[in-house]
Amino acid sequence: MSGEPAGPERAEPERPVGRGVFLGTVAAGLSALVWGKSAWSTVSAAVAPAERLVPLVPSGWRIYTISGTMPTFDPSTWRLDVGGLVRRPLSLSYAELTSLPRAEQVSTFHCVTGWSVANVHWGGVRLSDLVDRVAPHHAAHALEFVSAEVPYVDYLTVRQASLPDVLLAYELDGKPLPREHGAPVRLVIPEMYGYKNVKWLRRITFVPRTADGYWEGLGYDRDAWVGRSNGYGS
Amino acid sequence: MTRYVRRFSRSERALHWVNALGFVYLLTTGLVLYLPRLSVLVGRRPLIKDLHAWGGVGWVASLALVVLLGDSRGLLRTARELDGFDAHDLNWLLRRAPAPQGRFNAGQKLNSAVTAALTVLFLASGLLLWLGERDTRFRFASTVVLHDGLMYVALVLLVGHLYLALIHPATRHALRGMTIGTVREDWAAEHHARWKPQ
């Protein structure tokens, strides 16, 4: 029963300010569903340099995995197999992969859940270079990208895979691709959301037709164009 | 003889500590999902994600249980107390005299309103994230930014709250009220002059 306001003789008129603050904060918060992403990209661009200095300042990346532990990379045993409907299948060691013609690009990485990392510096091998080397059959209309993180898999059509900035990236920001980003090599297709950018790549198979990858099996779009799929855009 | 007066009921304290425990749990599991270095260190993302999402459900359910099973009418009176601001409260916020305070000072009233709003927003954005993973109709590009931004706001409030409750000499006696329930009578008279404890 404690805490009743003082007796009427001393009571000041009260206004219900608390509920106003409560409702105002809720409304302001919900409005951020409209303006939040653009405001955040401005802020995160400003604090990005601090991430290198202070380990716990978020870099903008989030590490998504679908299994309990991340695959480990052993350079002495690791291979990238490229096969299926091709004339010249390949099995590349890490040294062989990194000795192929090198390409670099700066592109923005978009996650379907809403976060993005701008100006990511990738180094690696053009997927189109690799496609030329294995000489796919005419019957091959899609590529299957198999991750060492079982059962992660995803597909691109041959046309999607031939986009000029599709990369098999083994470097991030000038350093070997870190484990959490898919070491030693991941797919990078900036036009599509992150779930198409398969990490811990270990096999590329040319197949007759495209199919549902891991997240597509859970309701996400096969053609994951940034801003034009998965309920975004029109 | 030091005399003590009762400041917080058992239901009020239970609500506070259930909220605090839930927040720390969700902050911990949330940071493992959010910060790359912690994600790498801990791994097991699917498990942590479930622990976080179901923890959020458990948090709100526990708060509701305390309200329903505890002294609901007392808590409702507390809510009214927190809601009402008078001229003294305005003076207190503007650091003008006279500003004698009731059982809650104006800063505590503001903090409780904002904290309650953050709880609603955490729940709403968390539910949208959860549903959005299953149905595009619930998917918005800014949901994850809102959820993360709330964490930063809540963290700033928490740091200030911990400073006042544990370190600041003038206010840290209040911690006794939130643990044992009582505070020194002279402390109450100094900091909450208009409060008439029974």
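Remember, it's a predicted structure, so these values are computed and weren't measured experimentally.

A. Structural view of the overall build of chain A. The number of helices and strands found in chain A is 4 helices and 11 strands. Expected size for 234 residues packed as a compact globule is a radius of gyration near 17 Å; at 24 Å, chain A overshoots this value by more than 25%. Taking the principal axes of the C-alpha coordinates as reference, chain A spans close to 95 × 40 × 30 Å. Among the 234 residues that make up chain A, the fraction classed as buried is 34%. For chain A, contacts bridging at least 24 residues in sequence account for 62% of all contacts bridging at least 6.

B. The arrangement of the overall build of chain B in detail. Scanning chain B from N- to C-terminus turns up 9 helices and 3 strands. Across chain B, helices and strands are ordered from the amino to the carboxyl terminus as β-α-α-α-α-β-α-α-α-α-β-α. Taking all 198 residues of chain B together, 29% fall into the buried category. Expressed as a percentage of contacts within chain B between residues at least 6 apart in sequence, the contacts between residues at least 24 apart total 56%.

C. The nonpolar core, seen in detail. All names here are of chain A. L143, L168, A169, V185 and L201 are the most contacted members of the largest nonpolar core, which totals 42 residues. For this core, the leading source of residues is strand β8 (residues 167-172), giving 5 residues. Apart from residues lying up to four places away in sequence, L168 is in contact with G124, V125, L127, L130, V185, L187 and L201.

D. Inspection of unusual backbone geometry at higher detail. Cis geometry marks the peptide bond from V150(A) to P151(A); its omega dihedral reads 0 degrees. Looking at the secondary structure, you find P151(A) in the loop between β6 (142-147) and β7 (153-157). Here R95(B), not a glycine, exhibits a phi torsion of approximately 55 degrees, which is positive. Among the secondary structure elements, R95(B) is positioned in the loop between α5 (87-93) and α6 (106-132).

E. Quick peek at the interface of chain A and chain B. Listed by partner, the interface residues are 46 residues for chain A and 49 residues for chain B. Those elements giving two or more residues to the side of chain A that touches chain B turn out to be β1 (15-16) and α1 (17-53) of chain A. Each residue belonging to the side of chain A that touches chain B can be placed in one class, and the counts come to 23 nonpolar, 15 polar and 8 charged. Relative to strand β2 (residues 84-85) of chain B, β1(A) is paired through 2 bridges, and the arrangement is antiparallel. Within β2(B), the position partnered with P16(A) by the bridge is G84(B).

F. Local environment of the confidence of the model for chain B. In this model, chain B carries an average pLDDT of 95, and 100% of its residues clear a pLDDT of 70 or more. For this predicted complex, the interface confidence reaches an ipTM of 0.94, while the overall pTM sits at 0.88.

G. Structural detail: the packing of helix α1 (residues 10-34) of chain B against helix α4 (residues 72-83) of chain B. Residues and elements named next belong to chain B. Viewed as axis vectors pointing N to C, α1 and α4 meet at an angle of 75 degrees, and their least axial separation amounts to 9 Å. Accordingly, the angle class assigned to the pair α1 and α4 is roughly perpendicular. Contact residues: S11, E12 and L15 in α1; G74, L75 and T78 in α4. Its residues assigned to classes, the contact of α1 with α4 comprises 2 nonpolar, 3 polar and 1 charged.

H. Structural context of the sheet that holds strand β11 (residues 201-207) of chain A. All names here are of chain A. An order of β3-β2-β11-β6-β7 is seen for the 5 strands of this open sheet, with the pairing classed as mixed. Each edge of the open sheet carries a strand with a single partner, namely β3 (90-93) and β7. Pairwise comparison of adjacent strand axes, ignoring direction, gives a mean angle of 15 degrees for this sheet.

I. A look at the confidence of the model for chain A. Averaged over all residues, the pLDDT of chain A is 91; the fraction at 70 or higher stands at 91%. Taken as a whole, residues 1-9 of chain A scores under 50 in pLDDT and shows 15 contacts with residues more than four places along the chain or in a different chain.

J. Just the pairing of β8(A), in detail. Residues and elements named next belong to chain A. Of all 6 residues in β8, 5 are buried, a share of seventy percent or more. Relative to β8, strand β5 (residues 116-126) runs antiparallel, the two sharing 5 bridges. Residue R126 lies in a different strand from β8, and its bridge partner there is L167. Bridge count between β8 and strand β10 (residues 186-188): 3 bridges; the pairing is antiparallel. Opposite A169, over in β10, you have R186 as the bridge partner.

K. Quick look at the packing of α6(B) against helix α7 (residues 143-167) of chain B. All names here are of chain B. At a minimum axis distance of 9 Å, the contact between α6 and α7 shows a crossing angle of 150 degrees. Considering their axes alone, α6 and α7 lie roughly antiparallel with respect to each other. The interaxial crossing formed by α6 with α7 has left-handed handedness. Contact with α6, carried on its side by N111, V114, T115, L118, L121, F122, S125, G126, L128, L129 and G132, involves T143, V144, L146, H147, L150, V153, A154 and L157 of α7 and no other residues of that element. Considered class by class, the residues forming the contact of α6 with α7 number 12 nonpolar, 7 polar and no charged.

L. Representation of the pairing of β6(A). Residues and elements named next belong to chain A. The sheet contact formed by β6 and β7 spans 5 bridges and is antiparallel. Bridge pairing in β7 places A142 opposite T157. Here β6 pairs with β11 via 6 bridges, running antiparallel. Counterpart to F145 in the pairing with β11 is I204.

Scoring rules and cut-offs
Residues numbered from 1 in each chain as written. Chains lettered and ligands numbered in written order. Predicted model: local features only at pLDDT ≥ 70, side-chain atom pairs only at ≥ 80, totals over all residues. Helix = DSSP H or I, 4+ residues; strand = E, 2+ residues; numbered from the N terminus. Rg over C-alpha atoms; globule rule 2.2 N^0.38 Å. Buried ≥ 20, exposed ≤ 12 C-beta atoms within 10 Å, placed from the backbone. Contact = placed C-beta atoms within 7 Å. Core = buried A, V, L, I, M, F, W, Y, C linked by C-beta atoms within 7 Å. Nonpolar A, V, L, I, M, F, W, Y, C, P; charged D, E, K, R; others polar. Pairing = 2+ DSSP bridges. pLDDT = per-residue confidence, 0-100. Axes fitted to C-alpha atoms, helices over the stretch in contact; angles between N-to-C directions. Parallel < 35°, antiparallel > 145°, perpendicular 65-115°, else oblique. Left-handed = near helix turned anticlockwise from the far one by under 90°.

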